[in-house]
Amino acid sequence: MSSESRLYTFSTETKDKLRKFRLGTSRAKDPQAVIYQIDKKSLEISQADDEVYTNLQELGDELPDHSPRFVLLSYPLTLSSGRLSVPYVMLYYLPVTCNSELRMLYAGAKELMRNTAEVGKIIEIDTAEDLEEIEGKLKGEP
Amino acid sequence: MPSSEVHHLFHHPIADHSFSADRQTLAVARDNNVELYARSGGKFALQDELRGHDKTVTGVDIAPRSGRIVTCSQDRNAYVWEPSPSGWKPTLVLLRINRAATSVRWSPSEAKFAVGSGARVIAVCYFEEENNWWVSKHLKKPIRSTVTSVSWHPNSVLLAAGSTDGHARVFSSFIKGVDPRPEPSTWGERLPFNTVCGEYLNGTAGWVHGCAFSPRGDALAFTAHDSSITVVYPGGPDQPPKAVVSVGTQVLPLVSLVWTSESEIVAAGYDCEAFKFRGDEQGWELTGSVESKGRPGLTDQREESALNMFRQMDLKGKVKDDTQLNTVHQNTISTVRSYAENGGSVSKFTTSGVDGRVVVWSL
């Protein structure tokens, strides 16, 4: 694990943004998502664009067809018991048409990303359509 | 006067062949490899061999403008071969199919190629610049069985495919970013990927072997295992076709076809010779064989002398020497392709077959 942190880098700005996002979204009323990508040459993990997505549809449109991405998602839920919960998860978006080089690049950084962003759970999705089932998957957890 | 240029390359079946744009290079699929022959004088001499596939190569196509070669094989892979000063460099394309690939063709724009497979799927592949990688998208619905042949429409978006489920279909393989928006045509207007623009059966719902669009793309012809050729003239998007003309023949099934003009087709198959068809929306008919029987080149070995007759009886127990077919090809013709054009119609075409011969025919 430590070998990964020597390979992939986070700029201090990115780390700050991650912390702010994690702390700031637990009070929100609608879903909040940010997309992270890994630069192929510098192996730096940073935010893909400066937008916070509140709509899963828009998020799906932004995800590229043939490249993997990490998405940090905070999703307010009302559980069947009536309780309000805002789980903070990471979505590991990996389309089947990616080449092996990209797959290995993102797979190696998965755990590092999980720890740096301090998320609870990683959900793997294959296509942008899988985003529609996210709510069901989040509710399914105890 | 019909004449032919015969090249008997070797004694193995040729699954598919393709000529380069200048017709100086011939690529021929032989078992697990593809052999490249260069024209020297009147003959073709072996120049190069493309090794890489683990199983029989089933399809070869040379792109006319870029010179790239795409090959597909029963090992479920396809390779794109780029010419370079130090030889041909293969790039593996992950088709993501779990059965053999059966045929491959470059689109007219050469930005994509389509691979038919036994996995009930057509893989349409294009190069993604961003990731430096060939990506394959699948055309799945509603194919129910092996895809035997694929053919492109001139606009590089519409793709015809024949399948052993008895249907010939026209799909849209439009890919955003790679294809320019196609003009509306009789096949359809708004055409997202995997739209079925038409699905056609022939009379007996037999296996469809070969399919081809007419030169302008306004009609589709396909051959089936019941020895028929069917030509479809579409009526417009979402409308029944203007005409579906089926011609039954008494010859053995035709496997491959090529349009020589807007109203003529040449097709060949298990009868080891090529046949000409002519027609239009009102009807089509078989107009004859491309070969004329009793050609001098073929009969000069047969002496009708009494000496020869007794020699034959002694050697083989028969009076006549009829071990050779009286057609140029001695075994099934597997591929027919256009070779040269003259004022919009094909003047020469080539055939290759199971006997290892590639023949250039003049019309």
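Scoring rules and cut-offs
Residues numbered from 1 in each chain as written. Chains lettered and ligands numbered in written order. Predicted model: local features only at pLDDT ≥ 70, side-chain atom pairs only at ≥ 80, totals over all residues. Heavy atoms only, no water. UniProt positions renumbered as here; feature names shortened; annotations may be inferred. Helix = DSSP H or I, 4+ residues; strand = E, 2+ residues; numbered from the N terminus. Rg over C-alpha atoms; globule rule 2.2 N^0.38 Å. Buried < 20%, exposed > 50% of the residue type's maximum accessible area, 1.4 Å probe, protein only. Contact = heavy atoms within 4.5 Å. Areas by Shrake-Rupley, 256 points an atom, 1.4 Å probe, with all protein chains shown as cover. pLDDT = per-residue confidence, 0-100. Pairing = 2+ DSSP bridges. Buried area = accessible area lost by both parts, 1.4 Å probe. Salt bridge = Lys/Arg side-chain N within 4 Å of Asp/Glu carboxyl O. Polar contact = N/O pair within 3.5 Å; in protein donor to acceptor, adjacent residues only side chain to side chain. Nonpolar A, V, L, I, M, F, W, Y, C, P; charged D, E, K, R; others polar.

- Naming follows an unreviewed UniProt entry, where chain B appears as Actin-related protein 2/3 complex subunit of Cryomyces minteri.
- Here is the UniProt Subcellular location (unreviewed entry) comment for chain B, exactly as written: "Cytoplasm, Cytoskeleton, Actin patch".

- Going by what an unreviewed UniProt entry lists, chain A is known as ADF-H domain-containing protein and is assigned to Cryomyces minteri.
- According to the UniProt record, the Sequence similarities (unreviewed entry) comment for chain A reads "Belongs to the actin-binding proteins ADF family. GMF subfamily."

1. Quick look at the overall build of chain B
Thinking step 1. Per the secondary structure count, chain B includes two helices and 28 strands.
Thinking step 2. Taking 21 Å as the expected radius of gyration for a compact globule of 363 residues, we find that chain B reaches 21 Å, a close match to that expectation.
Thinking step 3. Of all 363 residues assigned to chain B, the portion counted as buried reaches 51%.
Thinking step 4. Sequence-distant contacts, at least 24 apart, represent 48% of the contacts inside chain B between residues at least 6 apart.
Thinking step 5. Roughly 16400 Å² of accessible area belongs to chain B as shown, and the carbon and sulfur atoms make up 49% of that amount.

2. Digging into the confidence of the model for chain B
Residue and element names in this part refer to chain B.
Thinking step 1. Residues with a pLDDT of 70 or more make up 96% of chain B, whose mean pLDDT is 90.
Thinking step 2. Low pLDDT, under 50, characterises residues 295-301; the stretch is placed with five contacts to residues that sit more than four places away or in other chains.
Thinking step 3. Reported confidences for the modelled complex are a pTM of 0.87 and an ipTM of 0.80.

3. Some words on the pairing of strand β20 (residues 228-233) of chain B
Residues and elements named next belong to chain B.
Thinking step 1. For β20, a buried count of six out of six residues is recorded, marking the element as mostly surrounded by other parts of the structure.
Thinking step 2. Across the two faces of β20 the burial is the same, with Ser 228, Thr 230 and Val 232 and Ile 229, Val 231 and Tyr 233 all buried.
Thinking step 3. Count of turn residues in the strand β19 (residues 220-224)/β20 antiparallel hairpin: three residues, of which Ser 227 carries a positive phi of about 65°.
Thinking step 4. Sheet topology note: the β20/strand β21 (residues 243-248) ladder contains six bridges and is antiparallel. Opposite Tyr 233, over in β21, you have Ala 243 as the bridge partner.

4. Quick look at the UniProt feature "repeat: WD" (unreviewed entry) in chain B
Thinking step 1. In the numbering used here, UniProt assigns the feature "repeat: WD" (unreviewed entry) to residues 50-82 of chain B.
Thinking step 2. Structurally, residues 50-82 of chain B comprises 0% helix and 52% strand, and the distance from its first C-alpha atom to its last is 11 Å.

5. A closer look at the interface of chain A and chain B
Thinking step 1. Between chain A and chain B, the contact holds nine residues from the first and eight residues from the second.
Thinking step 2. Here chain A packs against chain B, burying approximately 740 Å² in sum over the two surfaces, 47% of which is carbon and sulfur.
Thinking step 3. Three residues, His66(A), Thr97(A) and Asn99(A), lead the burial of chain A against chain B; their summed loss comes to 60% of the area buried on that side.
Thinking step 4. Our count for the contact surface shared by chain A and chain B stands at zero salt bridges.
Thinking step 5. The interface formed by chain A and chain B includes six residue pairs in polar contact (both at pLDDT 80 or more).
Thinking step 6. Its residues assigned to classes, the side of chain A that touches chain B shows three nonpolar, five polar and one charged.

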